[in-house]
Amino acid sequence: MTRHLSASVRPLAVAALMAACATFTGRAQTGVHPITGRQYAPTMSVEGAPWLDRREREREEDPDLGLRLLKVVKGSSVGDVGAGSGYMSLRLARLVGAEGKVYAVDVQPGMLQLLQQNAAKAKLMNVVPVLGAIDDPKLPAATLDLIIMVDVYHEFSQPQRMLQRMREALKPGGRLALFEYRAEDPEVPILPLHKMTKAQVKTEVEAEGFKQTRVFDDLPWQHLIVFTSTAR
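Participant: Looking at this structure, I do not really get helix α8 (residues 198-206). What am I missing?
Facilitator: Since one α-helical turn is 3.6 residues long, residues separated by three or four positions face the same way. Residues of α8 that are buried: V201, E204 and V205. Each buried residue of α8 lies within a common arc of 90 degrees when the element is viewed along its axis, so the set occupies one face. Next to the buried residues of α8 lie α7 (159-169), β5 (170-182), β6 (195-196), β7 (210-216) and β8 (222-229).

Here you go:
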């Protein structure tokens, strides 16, 4: 899939994201990262949930390709932090199978309600909804093989604390994977605050005890950057 979009597609995508971000959670997020100086983006409220499930997302992000690149193992325990309405959580639940488990984390009860409805409709019993906090995903310690964050890390108002807690939740050798819209590519029609560069991701995540192990450039709009936890 080409990384560049036609002139007719770009304005539509920008307009859709602006509409989705028109309503925020109400928490002020005007801070900047102390290392990179990156400004934190505002968090989309539950009223923006239709943006997460838009039909165009298949073309814009190719989520199934992203999960294939990660080689999610059947029977594994996975965290989906910033799960929203469950767009990725349900895919993960099918991949890990009945013997695996997906901890779907969100800070908004309304999002978790939508997620539970979608999981029930799909008859997936291995999705565990978790009400997280802005500084703690509330994941069980030393339990997870993989944690993913899809288009969400850039919205954290306390990213350092969140990364520290996620590191505690991973098993030794566990992986952390970030999907972030490419800030280096002006053709990606996403608001600048909702995009990150590879350098920003690497600098911020490695500062909290992770080591970058893989960068995938296969997705239409996003970086997929994988880290492992270093020894505590």
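Participant: Can you help me understand the environment of A183 in this one?
Facilitator: Its place among the elements puts A183 in the loop between β5 and β6. For A183, a relative accessible area of 33% gives the class partly exposed. Sequence separation between A183 and L193 is ten residues; the distance between their C-alpha atoms is 9.0 Å. Not counting chain neighbours up to four residues away, the residues in contact with A183 comprise K195, M196, T197 and H223.

Participant: So what exactly am I meant to see when it comes to the pattern of salt bridges here?
Facilitator: Pairing is possible between side chains of opposite charge, provided their charged atoms come close. Scanning the entire structure with this criterion turns up 13 salt bridges. Between R57 and D151 there is a salt bridge whose closest N-O contact spans 3.9 Å. Taken together, the residues span a long stretch of sequence, with R57 in helix α3 (residues 57-61) and D151 in the loop between β4 (144-150) and α7 at a distance of 94 residues. With relative accessibility at 13%, the residue D151 sits in the buried group. Members of the salt-bridge network, linked through shared partners, are R54, R57, R59, E60, E61 and D151.

Participant: Teacher, can you tell me more about the nonpolar core here?
Facilitator: As a rule of thumb, soluble globular proteins bury nonpolar side chains together. Among the nonpolar cores identified, the biggest contains 28 residues, and L70, V127, I148 and L224 are the most heavily contacted of them. For this core, the secondary structure elements donating two or more residues are α4 (63-70), α5 (87-96), β2 (101-106), α6 (109-121), β4, β5 and β8. Among the elements that line this core, the one with the most residues is α5, at six residues. Contacts of I148, omitting those with residues within four sequence positions, involve L70, G79, D80, V81, M88, L92, A177 and F179. Core analysis: the next-biggest nonpolar cluster, separate from the first, contains 24 residues, Y103, M162, V205 and F210 among them.

Participant: Is there a simple way to think about the confidence of the model for the chain in this case?
Facilitator: Regions with low pLDDT carry predicted coordinates that are not meant to be interpreted in detail. Here the chain shows a mean pLDDT of 90. Residues at 70 or above account for 87%. Long-range and interchain partners of residues 1-28, a stretch whose pLDDT sits below 50, account for 45 contacts in this model, where long-range means more than four residues apart.

Participant: Could you clarify how one ought to interpret unusual backbone geometry in this entry?
Facilitator: Both trends apply: most residues other than glycine have a negative phi, and most peptide bonds are in trans. One non-glycine residue, K123, lies in the positive phi region at around 60 degrees. Tracing the backbone shows K123 in the loop between α6 and β3 (127-131). In this model, K138 sits at a positive phi of 60 degrees, which is unusual for a non-glycine residue. Of note, K138 is situated in the loop between β3 and β4. When its relative accessible area of 47% is taken as the criterion, K138 is described as partly exposed.

Participant: What exactly am I supposed to notice about the environment of M149 here?
Facilitator: Relative to the assigned elements, M149 resides in strand β4. For the pair M149 and G82, spaced 67 residues apart in sequence, the C-alpha to C-alpha distance is 6.4 Å. Leaving out residues up to four positions away in the same chain, M149 has contacts with V81, F156, L163, M166, L176, A177, L178 and F179.

Participant: Before we go on, may I ask you to explain the pairing of β4 in this structure?
Facilitator: Across a regular strand the side chains alternate sides, sitting on one face of the sheet and then on the other. Burial runs high along β4: six of the seven residues are buried. Direction of pairing for strand β1 (residues 77-81) relative to β4: parallel, over a ladder of three bridges. Note on β4: the bridge partner recorded for G79 is I147.

How each quantity is defined
Residues numbered from 1 in each chain as written. Predicted model: local features only at pLDDT ≥ 70, side-chain atom pairs only at ≥ 80, totals over all residues. Heavy atoms only, no water. Buried < 20%, exposed > 50% of the residue type's maximum accessible area, 1.4 Å probe, protein only. Helix = DSSP H or I, 4+ residues; strand = E, 2+ residues; numbered from the N terminus. Arc of directions from axis to C-beta. Contact = heavy atoms within 4.5 Å. Salt bridge = Lys/Arg side-chain N within 4 Å of Asp/Glu carboxyl O. Core = buried A, V, L, I, M, F, W, Y, C linked by side-chain atoms within 4.5 Å. pLDDT = per-residue confidence, 0-100. Pairing = 2+ DSSP bridges.

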